[in-house]
Amino acid sequence: MKPRITLITLGVDDLDRAVKFYAEGMGLKTEGIVGREFAFGAVAFFELQGGLKLALWPRASLAHDTGLPLGAPNATDISLAHNVASRADVDAVMADADAAGARIVKPAHDTFWGGYAGYFLDPDQHLWEVAWNPQWVLDA
């Protein structure tokens, strides 16, 4: 396997709500929900950096497609990180998430590793870290 991830899919309980959160609340670009005409096909894609995409797909559709039983969401199974260029950027993204309906799990704070970070849960209980690491230089 080559070290390449091209798509991150988040299972969601309410696709319309999730798209609104990420598009309107967090400012991610999407063409909206596609595939509604197919059973278990409705999905929304968001462009990220470097060709990476974020997909939102109903949890029931993901369970159906994989053949796995639909289980309860668990926020500590995975965390996605959004790294930013400054402490102020951390505060701004956390404020956007809060205004969009996220639950702030851990407000932004100085970290033990010398950075600044906070955590929020999106409306479907996906855990996001927003972090500034002074040792990392981010591309524009």
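Everything here concerns the structure above.
Owing to the predicted nature of the structure, the values given are computational and were not obtained by experimental measurement.

Draft legend 1. View of the nonpolar core. In this structure, Y22, F46, L56, F120 and V130 are the most contacted members of the largest nonpolar core, which totals 23 residues. Looking at this core, the elements with two or more residues in it are β1 (7–12), α1 (15–25), β3 (43–47), β4 (53–58), β5 (79–84), α3 (87–100), β7 (116–121) and β8 (127–132). Dropping the residues within four chain positions of it, V130 is found in contact with H82, V84, V90, V93, M94, Y116, A117, G118 and F120.

Draft legend 2. Spotlight on the packing of aromatic side chains. Throughout the structure, instances matching the rule amount to 5 aromatic pairs. On the numbers, 6.3 Å between centres and 10 degrees between planes, the contact of F120 with W128 is stacked. On the basis of relative accessibility, which here comes to 13%, the residue W128 falls in the buried class. Connected via pairs of aromatic rings, a cluster forms that spans F21, Y22, F46, F120 and W128. The positively charged end of R87 is found above the aromatic ring belonging to Y116, 4.0 Å away from the centroid.

Draft legend 3. View of the sheet that holds β4. Taken together, the 4 strands give an open sheet; going across it, the order is β1-β4-β3-β2, and neighbouring strands pair in mixed fashion. Both outer strands of the open sheet, β1 and β2 (30–34), are each paired with one neighbouring strand and no more. Each adjacent strand pair in this sheet contributes to an overall mean axis angle of 20 degrees, direction not counted. Packed on one face of the sheet, α1 meets β1, β2, β3 and β4 and runs near 155 degrees to β4. Each of β1 and β4 touches helix α2 (residues 59–66); the most contacted strand, β4, lies at about 90 degrees to it.

Draft legend 4. Representation of unusual backbone geometry. Here F40, not a glycine, exhibits a phi torsion of approximately 65 degrees, which is positive. Summarising the element assignment, F40 is placed in the loop between β2 and β3. A positive phi angle, near 70 degrees, is found at Q125, a position not held by glycine. By relative accessible area, Q125 is classed as partly exposed at 33%.

Draft legend 5. Representation of the environment of D122 within the structure. Topologically, D122 is positioned in the loop between β7 and β8. For the pair D122 and L10, spaced 112 residues apart in sequence, the C-alpha to C-alpha distance is 11 Å. In this structure, D122 is in contact with L10, F21, Y22 and W128, ignoring residues within four places of it in sequence. At 2.5 Å, the side chain of D122 and the side chain of Y22 are in polar contact.

Reading guide: rules and limits
Here, residues in each chain are numbered from 1, in the same order as that chain's written sequence. This being a predicted model, a pLDDT of at least 70 is required before a residue's local features are given, and a value of 80 or more before pairs of side-chain atoms are given or counted; all residues contribute to the totals for chains, interfaces and linings. Side-chain measures were taken over the full set of non-hydrogen atoms in the model, leaving aside hydrogen atoms and water. Only buried Ala, Val, Leu, Ile, Met, Phe, Trp, Tyr and Cys residues count toward a nonpolar core, and they belong to the same one when joined by side-chain atoms within 4.5 Å. Relative accessibility decides the category of a residue: with a 1.4 Å probe and only protein chains considered, values under 20% of the type maximum give buried, values over 50% give exposed, and everything between is partly exposed. Helix and strand assignments follow DSSP, with helices taken as H or I runs no shorter than four residues and strands as E runs no shorter than two, numbered in order from the N terminus. Here, two residues are considered to be in contact whenever any of their heavy atoms come within 4.5 Å of each other. Centres within 6.5 Å make a pair out of two Phe, Tyr or Trp rings, where for Trp the six-membered ring is used; the pair is then stacked when the planes are under 30 degrees apart, edge-to-face when over 60, and tilted otherwise. Charge-over-ring contacts are defined here by two conditions on Lys NZ or Arg CZ: a distance within 6 Å of the ring centre and an angle within 35 degrees of the ring normal. We treat two strands as partners when DSSP finds at least two bridges between them. Axes here mean lines fitted to C-alpha atoms, for a helix over just the part in contact, with angles spanning 0 to 180 degrees between N-to-C directions. In protein, a polar contact means a hydrogen-donor-capable atom and an acceptor-capable atom, both N or O and within 3.5 Å, with residues adjacent in sequence counting only if both atoms are side-chain atoms; elsewhere, any N or O pair within 3.5 Å suffices.

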